[in-house]
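# Tertiary structure, described
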Amino acid sequence: MTEELDHVGRIQAAWATERPDLDVRPQGVIGRLHRIALRLTGELNLVYAQYGLSEGEFDVLAALRRAGTPYERAPGEIALHTMVTTGAVSKRVDRLEEAGLVRRRRSDADGRGRMVRLTPAGKRLIDKAFTAHIANEQRLLDLLTPAEAARLERLLTTWLARIEPTD
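What comes next is a walk through the structure. All values derive from a computational prediction rather than experimental measurement.

Reading the values: rules and limits
- Residues numbered from 1 in each chain as written.
- Predicted model: local features only at pLDDT ≥ 70, side-chain atom pairs only at ≥ 80, totals over all residues.
- Heavy atoms only, no water.
- Helix = DSSP H or I, 4+ residues; strand = E, 2+ residues; numbered from the N terminus.
- Buried < 20%, exposed > 50% of the residue type's maximum accessible area, 1.4 Å probe, protein only.
- Polar contact = N/O pair within 3.5 Å; in protein donor to acceptor, adjacent residues only side chain to side chain.
- Contact = heavy atoms within 4.5 Å.
- Axes fitted to C-alpha atoms, helices over the stretch in contact; angles between N-to-C directions.
- Parallel < 35°, antiparallel > 145°, perpendicular 65-115°, else oblique.
- Pairing = 2+ DSSP bridges.

### Re the side chain of Glu 72
Relative to the helices and strands, Glu 72 is located in strand β1 (residues 72-73). Exposure remark for Glu 72: the relative accessible area of 14% places this residue in the buried category. Here Arg 105 takes part through its side chain, which lies 2.6 Å from a polar atom of the side chain of Glu 72. A polar contact of 3.0 Å, which involves the side chain of Glu 72, links it to the side chain of Arg 117. When residues no more than four places from it in sequence are discounted, the contact partners of Glu 72 are Leu 64, Ala 67, Arg 105, Met 115, Val 116 and Arg 117.

Printed below as a string of structure tokens:
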């Protein structure tokens, strides 16, 4: 009995025919991770959108919430604690400020610097959105057994540590 190939398997099979001189096994891992990442991003974005947020805006609000009371960080610090570049932080903060979810203020330590703080409305929104986000992540992870999920987390942690500089 032959196993039916998935999308990545079909691509690998075609390359194996066209370029038998190359070992295309890495595509099995990288290609599937890429497809999974795209699917996960789509699923996560659906929840963010329910709260009127983009992925980057959610990330900024979450970084501020994780900072603890008074829920504020400098823009450069936000970039360090998110998946958002420093340049992108300003655009997201502009939108979040317009929506009344954050407020900018001058830094006490450096009058030229700025700080970004969650407003009470921003804190309420990120708390609701994060609760839904975690439930959504659990729903997606429940497609694996607990043992599979734990094994995958260990493997990904090891791999990430080897390819990403430590913070």
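Still more ground to cover, so stick around.
### Here's the deal with the packing of helix α3 (residues 55-66) against helix α6 (residues 120-141)
Relative orientation of the contacting elements α3 and α6 amounts to 105°, with a least axis distance of 10 Å. With respect to their mutual orientation, α3 and α6 come out roughly perpendicular. Here Phe 58, Leu 61, Ala 62 and Arg 65 of α3 lie close against α6, whose contacting residues are Lys 123, Leu 125, Ile 126, Asp 127, Ala 129, Phe 130 and His 133.

### Structural notes on the sheet that holds strand β2 (residues 102-106)
With antiparallel pairing, three strands are arranged side by side in an open sheet as β1-β3-β2. Edge strands, defined here as strands with exactly one partner in the open sheet, are β1 and β2. Summarising the sheet, β1 and strand β3 (residues 114-118) pair through two bridges and their orientation is antiparallel. Note on β3: the bridge partner recorded for Glu 72 is Arg 117.

By themselves, these figures tell us nothing about what the structure is for.
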